[in-house]
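Okay, here's what each chain looks like letter by letter:
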Amino acid sequence: MSTPAAILADLVRLQRETKALRDRLTRDREERRRLAVARIVDRAYLDALALCTLAIGGGAVGREYSPLPQRRWRYAVALLELGGLTSGGRDLRLDLVDPEEAMRRLTTAAAEAKAQPHRYGAHLPDFARPSLLQNSRAV
């Protein structure tokens, strides 16, 4: 038979274990979220580079001419907007006077998007904004 003190000691131990498991689960969830955001941003970065390459070559990069699916085009444009390389819009025009400066700004925008996903998500329309990029606390 257990004494009340032993039962209380077991209760405290179990509460500590429960808290430790809950904390670990929260960390795991945040890490998965951070990795998912990084995948979205990395793909958008590559797609934005493709749009920049097209623009530098004289090609049209607006939505109707883009070789990218609508959602990926929108993610890339949001990254370009975050980097200040375009004003956006359907008839997209990129400001690429100095390609080196443009690539530096795009790289900086990608790093910022990973660090503050809600700022990146603010450049996306509602239909294209995944819940990962909703206005919540930064990862």
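Residues numbered from 1 in each chain as written. Predicted model: local features only at pLDDT ≥ 70, side-chain atom pairs only at ≥ 80, totals over all residues. Heavy atoms only, no water.

Engineer: Help me understand the overall build of the chain in this model?
Structural biologist: Check the secondary structure of the chain and you find four helices and zero strands. Sequence-ordered secondary structure for the chain, helices as α and strands as β, is α-α-α-α. At 22 Å, the chain has a C-alpha radius of gyration far larger than the 14 Å of a compact globule built from 139 residues. Dimensions of the chain, computed from C-alpha atoms along their principal axes, come out at roughly 85 × 30 × 20 Å. Looking at the chain as a whole, 32% of its 139 residues qualify as buried. A fraction of 60% describes how many contacts in the chain between residues 6 or more apart in sequence connect residues 24 or more apart. For the chain, the exposed surface amounts to about 8800 Å²; the carbon and sulfur share of it is 55%. For the chain, the distance from the average position of its 24 positive side-chain charges to the average position of its 17 negative side-chain charges is 6 Å. (Helix = DSSP H or I, 4+ residues; strand = E, 2+ residues; numbered from the N terminus. Rg over C-alpha atoms; globule rule 2.2 N^0.38 Å. Buried < 20%, exposed > 50% of the residue type's maximum accessible area, 1.4 Å probe, protein only. Contact = heavy atoms within 4.5 Å. Areas by Shrake-Rupley, 256 points an atom, 1.4 Å probe, with all protein chains shown as cover. Lys, Arg positive; Asp, Glu negative; His and termini not counted. Charge placed at Lys NZ, Arg CZ, Asp CG, Glu CD.)

Engineer: What am I meant to see in the environment of Val61 here?
Structural biologist: Relative to the helices and strands, Val61 is located in the loop between α1 (4-56) and α2 (70-82). Exposure remark for Val61: the relative accessible area of 4% places this residue in the buried category. Residues Val61 and Thr86, spaced 25 residues apart in sequence, show a C-alpha to C-alpha distance of 11 Å. Discounting chain neighbours no more than four positions away, the residues touching Val61 are Leu51, Leu54, Ala55, Trp73, Leu92 and Leu94.

Engineer: I'm lost on α2 in this one. Help?
Structural biologist: Residues spaced three or four apart along an α-helix face the same direction, because each turn holds 3.6 residues. For α2, which comprises 13 residues, the first-to-last C-alpha distance of 18 Å matches the rise-based estimate of 18 Å (1.5 Å per residue) to within 8%. Within α2, 10 of the 13 residues are buried, leaving the element largely enclosed by the surrounding structure. Buried residues of α2: Trp73, Arg74, Tyr75, Ala76, Val77, Ala78, Leu79, Leu80, Glu81 and Leu82, and no others. Structurally, α2 contributes buried residues whose contacts are with α1, α3 (99-115) and α4 (117-121). Taken from the residues just after α2, Gly84 is the one with a positive phi, measuring 70°. (Expected span 1.5 Å × (residues − 1).)

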